[in-house]
Amino acid sequence: LRVIFSIGAGVDHIFADPGLPDVPIVKIVADNLTQHMTEYVVWRVLDHHRQGMLYRTQQTRKTWHESPQRPAADISVGVMGLGTLGRAAASALKSLGFRVNGWSRREQAVDGVSVFAGEAGLIPFLNATDILVVLLPLTAATKGIVDYGLLRQLRRRNGLGGAVLINAGRGRLQKDADILRALEDGTLKEASLDVFEVEPLPKTSPLWTHPKVHVTPHAAATSDPNHLVPIILRQMAAFERGEPLRDLVDRQAGY
């Protein structure tokens, strides 16, 4: 075995193998995958911003009432994780007029985005965020990071009427029970969750029927073999010609 190619953006499932051989690991970076994730993030941010949950509830009750609508420029979206997917989502949100913050493990520059980095930058980043979008990789350092303490740091006095969580990264980044607690006590106004600690989400989970939660079945950015396989084959052919591999996983960082 000379190289391992992941068929998705995440590689935590590969590192879970105790017999993982010491060969290069390549992660998928594909326009198709990036576009799918950007669409999901923009969809969920706009739905929360434009009060989708409120109006869907009003529809079931046949209630005709127009609620005040704040401009996007009044809302700060924080993207947690500034890899390929995070940077693309941040750029799309910026183009729609939102104020965009970003947080990453290391310092980096993203055009038009206020970037915070490392442990020292996490609390200031959260304090300046109304809608939190989680796109982090799952590592030993990030497992369970989205807990009650983190959610308490989000800005709740804002044009939305409360803080919002969107997680389209990995389910084990979050603690489902802490999210429920935050929704019940008002720490969170609403949440859109595409990933969960246990998948498929158990039918007994209260998240399924919670009036403030939008659930999707890990469908934000599905890997499409028709689009991804040619990318892998091109990398294989280049490697056989002696060219360096691209998009290598950093084993020490875990992604």
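Look up a bit, the structure's there.
Participant: Help me understand the overall build of the protein in this model?
Facilitator: Broken down by element type, the protein carries 8 helices and 9 strands. What you see for the protein is a C-alpha radius of gyration of 19 Å, in line with the 18 Å of a compact globule of 255 residues. Principal axes of the C-alpha set define a box for the protein whose edges measure 65 × 40 × 35 Å. Buried positions account for 49% of the 255 residues belonging to the protein. Expressed as a percentage of contacts within the protein between residues at least 6 apart in sequence, the contacts between residues at least 24 apart total 64%. When the accessible surface of the protein is summed, it comes to about 13300 Å², and 54% of that surface belongs to carbon and sulfur atoms. Computed over 29 positive and 26 negative side-chain charges, the inter-centroid distance for the protein is 4 Å.

Participant: Help me understand a nonpolar patch on the surface, please; the structure alone is not making it clear to me.
Facilitator: Taken together, the side chains of Val 229, Leu 233 and Met 236 present a nonpolar region at the surface, about 250 Å² in accessible area. Structurally, Leu 233 can be placed in helix α8 (residues 225-240).

Participant: Looking at this structure, how should I read the packing of aromatic side chains?
Facilitator: Each aromatic ring pair is described using two quantities: the centre-to-centre distance and the angle formed by the ring planes. Taken as a whole and judged by the stated rule, the model has 2 aromatic pairs. For the pair Tyr 40 and Trp 43, a centre-to-centre distance of 5.7 Å together with 80° between the ring planes defines the contact as edge-to-face. Of this pair, Tyr 40 and Trp 43 both sit in helix α2 (residues 31-49), separated by 3 residues, roughly a single helical turn. For Tyr 40, a relative accessible area of 4% corresponds to the buried category. Sitting above the plane of the Trp 43 ring, Arg 44 keeps its charged end 4.6 Å from the centroid.

Participant: Hey, could you run me through the pairing of strand β8 (residues 190-193) in this one?
Facilitator: Working note: regular strand, side chains alternate between the two faces of the sheet. Burial of the side chains of β8 extends over both faces: Glu 190 and Ser 192 are buried on one face and Ala 191 and Leu 193 on the other. Sheet analysis places strand β7 (residues 164-167) next to β8, joined by 4 bridges and oriented parallel. Bridge assignment links Val 164 to a residue of β8, and that residue is Glu 190. For the segment spanning β7, helix α7 (residues 176-185) and β8, crossover handedness is right-handed. Of the pairings in the sheet, the one linking β8 to strand β9 (residues 213-215) comprises 3 bridges and is parallel in character. Across the sheet, the residue bridging to Leu 193 is Val 215, located in β9.

Participant: Before we go on, may I ask you to explain the nonpolar core in this structure?
Facilitator: Most often, soluble globular proteins keep nonpolar side chains buried together rather than apart. Of all hydrophobic cores here, the largest spans 29 residues; its most connected members are Met 80, Leu 132, Leu 150, Leu 151, Leu 165 and Leu 188. Elements supplying a minimum of two residues to this core: α5 (118-127), β6 (131-134), α6 (148-151), α7 and β8. Among the elements that line this core, the one with the most residues is α7, at 4 residues.

Participant: Where do I start with α5 in this structure?
Facilitator: Residue pairs three or four apart in sequence face the same way in an α-helix, which turns once every 3.6 residues. Buried within α5 are the following residues: Gly 118, Gly 121, Leu 122, Phe 125 and Leu 126. Seen along its axis, α5 keeps its buried residues to an arc of 130°; they face one direction. Check the buried side of α5 and you find it contacts β3 (76-80), β4 (99-104), β5 (114-117), β6 and α6.

Participant: What's the story with the pattern of salt bridges in this structure? I'm lost.
Facilitator: Here the idea is simple: oppositely charged side chains can pair when their charged atoms come close. With the rule as written, the count across this model stands at 8 salt bridges. With its nearest N and O atoms 3.4 Å apart, the salt bridge here joins Arg 2 to Glu 240. Of this pair, Arg 2 sits in the segment before β1 (4-5) while Glu 240 sits in helix α8; the two residues are 238 residues apart in sequence, bridging distant segments of the chain. With a closest N to O distance of 3.0 Å, Asp 74 and Arg 70 form a salt bridge. One network of salt bridges, with partners in common, ties together Arg 44, Asp 47 and Arg 56.

Cut-offs and rules
Residues numbered from 1 in each chain as written. Predicted model: local features only at pLDDT ≥ 70, side-chain atom pairs only at ≥ 80, totals over all residues. Heavy atoms only, no water. Helix = DSSP H or I, 4+ residues; strand = E, 2+ residues; numbered from the N terminus. Rg over C-alpha atoms; globule rule 2.2 N^0.38 Å. Buried < 20%, exposed > 50% of the residue type's maximum accessible area, 1.4 Å probe, protein only. Contact = heavy atoms within 4.5 Å. Areas by Shrake-Rupley, 256 points an atom, 1.4 Å probe, with all protein chains shown as cover. Lys, Arg positive; Asp, Glu negative; His and termini not counted. Charge placed at Lys NZ, Arg CZ, Asp CG, Glu CD. Patch = residues over 30% accessible without salt bridge, like charges linked within 9 Å, V, L, I, M, F, W, Y side chains within 5 Å. Salt bridge = Lys/Arg side-chain N within 4 Å of Asp/Glu carboxyl O. Phe/Tyr/Trp six-rings, centres within 6.5 Å; stacked < 30°, edge-to-face > 60°. Lys NZ or Arg CZ within 6 Å of the ring centre and 35° of its normal. Pairing = 2+ DSSP bridges. Right-handed = clockwise from strand over helix to strand, strands pointing away. Core = buried A, V, L, I, M, F, W, Y, C linked by side-chain atoms within 4.5 Å. Arc of directions from axis to C-beta.

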